Amino acid sequence: MSVPQLNKIYLGDCLEVLKTFDNDSFDDAFTSPPYNRKVGDKYKYYRDNVSDYYKLLCDVTSELLRVTKHNVIINIQSMVDNKRDVALWYAHFADYIKGRVVWCKTNPQPGNNERNGLRSVTNGFEDFYVFGKDNTDFTANQRVINYIFTPINSKHFEGHGAVMKEEVADFFISNFTTRGGL
């Protein structure tokens, strides 16, 4: 096991890299794993089609809880292809959930809402779940509200078409982490 180094970028499979760190190596964690959309999204280095998405979510959440002292914030969007796995994951970690913040998108991107002859509702929000080992280490701004309204990001980067808006990430960093924390 190892201790994380400040200002170092670790390149590799997130689960394999997390396993190299000691318990409680980080103060907080913030992540947005792929949503397992299975519709042919074009990422440069990733195919968003995991055969056991529930296991992936559980493995990532378990490792983050292990290496993190306080808050683990995970952004997930329940969709047609992942809703069962997301619901099972939510139930599996229910005792660790401290709260949920909803990102309400003022200009949601219309998606392909018809598949196999079935229509679905356009997702105009995403969930951010705040996890912790217990309720005694809840390190959040005590006046944080459980929603944030912003438009989606109009910037796209080559190889990634769904970039989180900086304002959304800033909201979580400023409300759920402490200055100088790792």
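Going by the structure above, here's the rest.
Given the structure is predicted, the values throughout are model-derived calculations rather than measurements.

Q: Got a minute to help me understand unusual backbone geometry in this structure?
A: Where the residue is not glycine, phi is negative for most of them; where a peptide bond is considered, it is trans in most cases. Located in the positive-phi region is Asp-24, a residue other than glycine, with phi close to 55°. Along the chain, Asp-24 falls in the loop between helix 1 (14-18) and strand 1 (29-31).

Q: I would appreciate a short explanation of helix 2 (residues 53-67) in the present structure.
A: Residue pairs three or four apart in sequence face the same way in an α-helix, which turns once every 3.6 residues. Between its first and last C-alpha atoms helix 2 spans 21 Å; for 15 residues at 1.5 Å apiece the expected length is 21 Å, and the two agree. Where helix 2 is buried, its residues contact helix 1, strand 1, strand 2 (72-76), helix 3 (83-92) and strand 6 (125-131).

Q: Sorry if this is basic, but what is going on with the packing of helix 2 against helix 3 here?
A: Helix-helix packing is described using two parameters, namely the angle between the two axes and the distance between the axes. Packing of helix 2 against helix 3 brings their axes to within 9 Å, and their N-to-C directions diverge by 35°. For helix 2 against helix 3, the interelement crossing comes out right-handed. Contact residues: helix 2 offers Tyr-53, Tyr-54, Leu-57, Cys-58 and Thr-61, while helix 3 offers Asp-85, Val-86, Leu-88, Trp-89 and His-92. In the contact of helix 2 with helix 3, the residues fall into seven nonpolar, two polar and one charged.

Q: Teacher, can you tell me more about the nonpolar core here?
A: The nonpolar side chains of a soluble globular protein tend to be buried with one another. Within the largest apolar cluster, 22 residues are counted, with the highest numbers of intra-cluster contacts made by Leu-64, Val-72, Ile-76, Trp-89 and Phe-131. Broken down by secondary-structure element, the contributors of at least two residues to this core are helix 1, helix 2, strand 2, helix 3 and strand 6. Leaving out residues up to four positions away in the same chain, Trp-89 has contacts with Tyr-54, Leu-57, Cys-58, Thr-61, Ile-74, Ile-76, Tyr-129 and Phe-131. With eleven residues, the next largest nonpolar core counts Ile-73, Val-101, Phe-128 and Val-130 among its residues.

Q: I tried to follow helix 3 on my own but got confused; where do I start?
A: Buried within helix 3 we find Asp-85, Val-86 and Trp-89. Seen from one end, helix 3 has its buried residues packed into an arc of 100°, which puts them on one side. The exposed set on the far side of helix 3, more than 90 degrees from its buried face, consists of Lys-83, Arg-84 and Ala-91. Contacts made by the buried residues of helix 3 are with helix 2, strand 2 and strand 6.

Q: Even after reading the chapter, I still don't get the sheet that holds strand 7 (residues 147-150), so can you show me in this structure?
A: The strands making up a sheet are joined through hydrogen bonds of the backbone, oriented either antiparallel or parallel. The strand order across the open sheet built from five strands is 1-2-6-3-7, with neighbouring strands paired in mixed fashion. Each edge of the open sheet carries a strand with a single partner, namely strand 1 and strand 7. Looking at each pair of strands side by side, their axes are set apart by 15° on average, direction ignored. Where strand 2 meets strand 6, five bridges bridge the pair, whose relative direction is antiparallel. Within strand 6, the residue paired with Ile-73 across the bridge is Val-130. Of the strands in this sheet, strand 1, strand 2 and strand 6 are in contact with helix 2, which crosses strand 2 at around 160°.

Reading guide: rules and limits
- Residues numbered from 1 in each chain as written.
- Predicted model: local features only at pLDDT ≥ 70, side-chain atom pairs only at ≥ 80, totals over all residues.
- Heavy atoms only, no water.
- Helix = DSSP H or I, 4+ residues; strand = E, 2+ residues; numbered from the N terminus.
- Expected span 1.5 Å × (residues − 1).
- Contact = heavy atoms within 4.5 Å.
- Axes fitted to C-alpha atoms, helices over the stretch in contact; angles between N-to-C directions.
- Left-handed = near helix turned anticlockwise from the far one by under 90°.
- Nonpolar A, V, L, I, M, F, W, Y, C, P; charged D, E, K, R; others polar.
- Core = buried A, V, L, I, M, F, W, Y, C linked by side-chain atoms within 4.5 Å.
- Buried < 20%, exposed > 50% of the residue type's maximum accessible area, 1.4 Å probe, protein only.
- Arc of directions from axis to C-beta.
- Pairing = 2+ DSSP bridges.

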